[in-house]
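So you can see what is in the structure, the chains are spelled out below.
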Amino acid sequence: MIITVTLNAAIDKTLEVPNFRLGRRHRSVEQRTMAGGKGVNVARAIKRLGQPVIATGFAGGSAGTRIVEQLTEESILNDFVRIREESRTNTAVLDPTNGEQTEINEPGPIVQEAESQLFVDKLLYLAQGAQVVVFAGSLPRGLAPDYYAGLVRELRKLGVTTVLDTDGEPLRHAVRAEPSVISPNVLEAEELVGHEFNDDEDRTIAVREMVELGAGEAIMTVSDGCFARVLEDGGSTLYRVRMEPLEPRAAVGSGDAFLAGFVSARYTGSPPAECLRFGVACGAESTQHLGAGLIDPREVDRLTSEIEVEAIEAPAEVP
Ligand SMILES: Nc1ncnc2c1ncn2[C@@H]1O[C@H](COP(=O)(O)OP(=O)(O)OP(=O)(O)O)[C@@H](O)[C@H]1O
Ligand SMILES: [Mg+2]
């Protein structure tokens, strides 16, 4: 079983508005409401890929009830801690004429101390039947920035693989707790290692630096694939995975689809290079759909042949 953790779950509302202009009145031509938050999106994609998954996290108020109902309608197993304050609703406006998306995210609920402890208990209970736990997204207010770090440490004791996709302070703390895998995008990785990347050499050094900070394996997604340092045959290998970008319908959530693909392939025992290839194919395929985590597995399989996976030597240590 794979578990996905979404601590700041949301109702994601997407409005399709052609020629969207600030300060004008518009009519949407298409609208869709889905349960969201990064971990929920990852769970949806894993479910589509046919692997067993349970979504957990916090859900509060009537928005929380809708999140749980929508997951259940999609046949995504879920077990959330109910909290007193209302889960957030995030609104996105997508302009189909240029593919631009404008997002307005609510800050979300404040989680109480007792609720945060209930979640620790729930996760440790669920994890007894899990091989992999994926933590994705931001922390809601009320949780300490080292909340993910604490959860990662507890799961390590149980021998569960921990995969982390977050940013800022929560990532900085959690990486020191030695998660099995982290998968930031470029901006998140630059913030974590503390400098900008100007070329491919910087990017390959960056994944090594992320491993030195504590991650077992580090993957940095980029718009045309990823850079990754993964464990293999008792050592570590550095991979560059490349794919010609597609014209996106909606690029948001491609990181979540990447992670779902990578984790699903790993769950079935595929070698690292194939997990990365499959992740990139899922990230790419997801850009062709409006809702986050929506992927078509047949299209994913078709795309895998267009992806180039290259094992590269890490550049020499910078003195
Ligand atoms: N237009 C595109 N065409 C093909 N593949 C894409 C495209 N955009 C993204 N991808 C793939 O999706 C993966 C994740 O992309 P990216 O680094 O942009 O994620 P992200 O910034 O974390 O996204 P989000 O947080 O919105 O889910 C990458 O590995 C990339 O190869
Ligand atoms: Mg991301």
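Cut-offs used in this document
- Position numbers for residues count from 1 along each chain, tracking the sequence in the order it is written.
- Each chain is given a letter, starting from A, and each ligand a number, starting from 1, according to the order in which they appear as written.
- In keeping with the predicted nature of the model, local features appear solely for residues at pLDDT of at least 70, side-chain atom pairs appear and are counted solely at 80 or more, and the whole-chain, interface and lining totals rest on all residues.
- Numbering of helices and strands starts at the N terminus; helices are DSSP runs of H or I of at least 4 residues and strands are runs of E of at least 2.
- Computation of the radius of gyration draws on C-alpha atoms alone. For the globule rule, the value is 2.2 Å times the number of residues to the power 0.38.
- Note on contacts: residues are paired as contacts if their backbone-placed C-beta atoms lie within 7 Å.
- Whether a residue is near a molecule or strand depends on its C-beta atom, placed from the backbone, lying within 6 Å of it.
- Each residue is assigned to one class: nonpolar for Ala, Val, Leu, Ile, Met, Phe, Trp, Tyr, Cys and Pro, charged for Asp, Glu, Lys and Arg, and polar for all the others, Gly among them.
- Three exposure classes are used, based on other C-beta atoms lying within 10 Å of a residue's own C-beta, which is placed from the backbone: buried for 20 or more, exposed for 12 or fewer, and partly exposed in between.
- Pairing between two strands requires that DSSP report at least two bridges joining them.
- By our criterion, buried Ala, Val, Leu, Ile, Met, Phe, Trp, Tyr and Cys residues that link up through C-beta atoms within 7 Å make up a nonpolar core.
- Only the stretch in contact is used when fitting a helix axis, every axis being a line fitted to C-alpha atoms; angles between N-to-C directions are given from 0 to 180 degrees.
- Handedness of a crossing is defined here by the sense of rotation of the near helix relative to the far one, left-handed for an anticlockwise turn of less than a right angle and right-handed for a clockwise turn.

S.K.: Would you take a moment to explain the overall build of the chain for this structure?
M.R.: Within the chain one finds 10 helices and 15 strands. In terms of C-alpha radius of gyration, the chain reaches 19 Å, essentially the compact-globule figure of 20 Å for 319 residues. Overall, the chain is about 55 × 45 × 35 Å in size when its C-alpha atoms are taken along their principal axes. A sequence separation of at least 24 residues applies to 67% of the contacts in the chain between residues at least 6 apart.

S.K.: Looking at this structure, I do not really get unusual backbone geometry. What am I missing?
M.R.: Note on backbone geometry: most residues besides glycine have negative phi, and most peptide bonds are trans. The backbone phi angle of Glu-178 is positive, close to 60°, even though this residue is not glycine. With respect to the helices and strands, Glu-178 occurs in the loop between helix H5 (168-176) and strand E11 (181-182). Positive phi outside glycine occurs at Asp-233, with the angle close to 50°. Mapped onto the secondary structure, Asp-233 falls in the loop between strand E13 (225-232) and strand E14 (235-242).

S.K.: What exactly am I supposed to notice about the site of ligand 1 here?
M.R.: Lining the immediate environment of ligand 1, one finds 22 residues, of which Thr-221, Ser-254, Gly-255, Gly-283 and Ala-284 sit closest. Breaking the shell around ligand 1 down by element, the ones donating at least two residues are strand E12 (217-222), E13, helix H8 (254-267) and helix H9 (272-286). The dominant element in the shell around ligand 1, judged by the number of residues it contributes, is H8, at four residues. Of the residues belonging to the shell around ligand 1, the class tally is 11 nonpolar, nine polar and two charged.

S.K.: It is not clear to me how the pairing of strand E4 (residues 53-60) should be interpreted in this structure. Could you clarify?
M.R.: The side chains of a regular strand alternate between both faces of the sheet. Burial analysis of E4 places eight of its eight residues in the buried class, the great majority of the element. Every second residue of E4 is oriented toward a common face, with Val-53, Ala-55, Gly-57 and Ala-59 on one face and Ile-54, Thr-56, Phe-58 and Gly-60 on the other, all of them buried. Here five bridges tie strand E1 (residues 2-6) to E4, and the two strands are oriented parallel to one another. In the strand pairing of E4, Thr-6 is matched with Gly-57. Of the pairings in the sheet, the one linking E4 to strand E6 (residues 81-83) comprises three bridges and is parallel in character.

S.K.: What exactly am I supposed to notice about the environment of Gly-293 here?
M.R.: Along the chain, Gly-293 turns up in the loop between H9 and helix H10 (297-304). Taking the C-beta count within 10 Å as the criterion, Gly-293 has 28 such neighbours and is therefore assigned buried. Remark: the alpha-carbon pair of Gly-293 and Arg-44, spanning 249 residues in sequence, is separated by 5.4 Å. Filtering out sequence-adjacent residues up to four positions away, Gly-293 remains in contact with Asn-41, Val-42, Arg-44, Ala-45, Gly-253, Asp-256 and Ala-257.

S.K.: Is there a simple way to think about the nonpolar core in this case?
M.R.: Looking at soluble globular proteins, one finds that nonpolar side chains tend to be buried together. Ranked by internal contacts, the top residues of the largest apolar core, which has 89 residues, are Val-134 and Met-210. If sequence neighbours within four positions are ignored, Met-210 has contacts with Ile-182, Ala-189, Leu-192, Val-193, Ala-215 and Ala-218.

S.K.: I'm lost on the packing of H8 against H9 in this one. Help?
M.R.: In a packed pair of helices, the relevant descriptors are the angle between the two axes and the axis-to-axis distance. In the contact formed by H8 and H9, the axes pass within 7 Å of each other and the chain directions differ by 145°. Crossing geometry of H8 relative to H9 is assigned as right-handed. When H8 is examined against H9, the residues Ser-254, Gly-255, Ala-257, Phe-258, Leu-259, Ala-260, Gly-261, Phe-262, Ala-265 and Arg-266 are found in contact with a partner set consisting of Glu-274, Cys-275, Leu-276, Phe-278, Gly-279, Val-280, Ala-281, Cys-282, Gly-283, Glu-285 and Ser-286.

S.K.: Where do I start with the sheet that holds strand E3 (residues 30-36) in this structure?
M.R.: Strand pairs in the sheet, formed through backbone hydrogen bonds, run parallel or antiparallel to each other. The strand order across the open sheet built from four strands is E3-E2-E7-E8, with neighbouring strands paired in mixed fashion. In this open sheet, the two strands that pair with only one neighbour each are E3 and strand E8 (100-104). Mean inter-strand twist for the sheet, computed between neighbouring axes without regard to direction, equals 20°. Sheet topology note: the strand E2 (residues 10-16)/E3 ladder contains seven bridges and is antiparallel. Paired with Thr-14 across the strands is Arg-32, a residue of E3. Contacting E2, E3 and strand E7 (88-95), helix H2 (residues 61-73) crosses the sheet at an angle of about 95° to E3.

S.K.: Sorry if this is basic, but what is going on with the pairing of E7 here?
M.R.: Summarising the sheet, E2 and E7 pair through seven bridges and their orientation is parallel. By the bridge assignment for E7, Asp-12 is matched with Asn-90. Bridge count between E7 and E8: five bridges; the pairing is antiparallel. By the bridge assignment for E8, Ala-92 is matched with Glu-103. The antiparallel hairpin formed by E7 and E8 contains four residues in its connecting segment, where Gly-99 sits at a positive phi of about 75°.

S.K.: I would appreciate a short explanation of the environment of Val-207 in the present structure.
M.R.: You can see Val-207 is positioned in helix H7 (residues 200-212). Ignoring sequence-local partners within four residues, the contact set of Val-207 consists of Ala-218, Met-220, Phe-227, Ala-228, Arg-229 and Leu-238.

S.K.: What's the story with helix H1 (residues 38-48) in this structure? I'm lost.
M.R.: Because an α-helix packs 3.6 residues into every turn, residues spaced three or four apart end up facing the same way. Most of H1 is tucked away: 11 of the 11 residues are buried. Of all the positions in H1, only Lys-38, Gly-39, Val-40, Asn-41, Val-42, Ala-43, Arg-44, Ala-45, Ile-46, Lys-47 and Arg-48 are classed as buried. Trailing H1 by a residue or two, Gly-50 shows a phi angle of about 85°, which is positive.

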